[in-house]
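Structural characterization, general
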Amino acid sequence: MNKEIVYALLAALSFGIAPVFEKLGLARTDPTLALFVRASVTTVLVTSFLVTSGKAHLFRSTDVHSLVFVVLGGIFGVLFAQFFYFKALQYGEIGRVMPIVGGFPVIAYFFSIFVFGESVTLTKLMGIVLVVAGVLLLGDTKGS
């Protein structure tokens, strides 16, 4: 198995486990505070990793243009997405919230077409249909 698959599976496992802890934590914690705590822990851990692995010097070699895009990704992917995700978890069931949140590949794919000119193929469109169907099926609260 190649590295991209291993890391993707580890990410999926991590994304699958995290909502259980987050839902438990949000039972008596405001989503804004939860977001702050989560971001603070991540900042401390990543900073420690950068320093101990000798990669702190990378800040000097990264161009400002690239950093602006990473910051924008952080604003949307961490700040907004995590806040709205925490609010959804606070009010909803994990089994209903996660399929909807997990539908983000559909949105990412459409943006990739317009921003990067990625190809539109029948196979990819069928994948989009299956993702949407999965979101609808997993989010169904009326089913048995």
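In this report, the structure presented in the accompanying data block is examined.

Calculation criteria
- Residue positions are counted from 1 within each chain, in the order its sequence is given.
- Local features in a predicted model are, by the rule used here, given only for residues with pLDDT of at least 70; side-chain atom pairs are given and counted only at 80 or more, and totals for whole chains, interfaces and linings are based on all residues.
- Computation of side-chain values covers all heavy atoms of the structure but excludes hydrogens and water.
- Candidate patch residues must exceed 30% relative accessible area and have no salt bridge, after which like charges are joined if within 9 Å and Val, Leu, Ile, Met, Phe, Trp or Tyr side chains if within 5 Å.
- Calculation of accessible area relied on Shrake-Rupley with a 1.4 Å probe; when residues are assessed, cover is drawn exclusively from the protein chains displayed.
- Salt bridges, as used here, are contacts in which a Lys or Arg side-chain nitrogen is within 4 Å of a carboxyl oxygen on Asp or Glu.
- Elements are defined by DSSP. Helices are runs of H or I of four residues or more, strands are runs of E of two residues or more, and each kind is numbered from the N terminus.
- A simple rule labels every residue: compare its accessible area, found with a 1.4 Å probe on the protein chains alone, to the largest value its type can have, and call it buried under 20%, exposed over 50%, or partly exposed in between.
- Here, two residues are considered to be in contact whenever any of their heavy atoms come within 4.5 Å of each other.
- Within this scheme, the nonpolar core is defined by two criteria: the residues are buried Ala, Val, Leu, Ile, Met, Phe, Trp, Tyr or Cys, and they are joined through side-chain atoms within 4.5 Å.

**What to know about a nonpolar patch on the surface**
There is a patch of nonpolar side chains on the surface, built from Met1, Ile5, Val6, Tyr7, Leu9, Leu10, Leu13, Ile17, Val20, Phe21 and Leu24 and spanning about 1,200 Å² of accessible area. Tracing the chain through its elements places leucine 13 in helix 1 (residues 3–26).

**Quick look at the side chain of glutamate 22**
Tracing the backbone shows glutamate 22 in helix 1. Taking relative accessible area as the criterion, glutamate 22 reaches 11% and is therefore assigned buried. With residues up to four places along the chain from it excluded, the contact list for glutamate 22 reads Arg38, Tyr85, Phe86 and Leu89.

**Considering the environment of methionine 126**
Among the secondary structure elements, methionine 126 is positioned in helix 7 (residues 122–138). Considering only alpha carbons, one finds methionine 126 and phenylalanine 86, 40 residues apart in sequence, at a separation of 30 Å.

**Side note on the environment of glutamate 4**
Looking at where glutamate 4 falls in the secondary structure, it is placed in helix 1. Accessibility expressed as a relative area gives 60% for glutamate 4, which makes it exposed. For the pair formed by glutamate 4 and glycine 92, sequence separation is 88 residues and the distance between their alpha carbons is 32 Å.

**Quick look at the nonpolar core**
Leu26, Ala34, Leu35, Tyr85, Phe86, Leu89 and Val97 form the largest nonpolar core, which has seven residues in total. It is helix 4 (residues 64–91) that contributes the most residues to this core, three residues altogether. Once you skip the residues sitting within four places of it in the chain, phenylalanine 86 turns out to touch Glu22, Leu26, Pro31, Ala34, Leu35 and Arg38.

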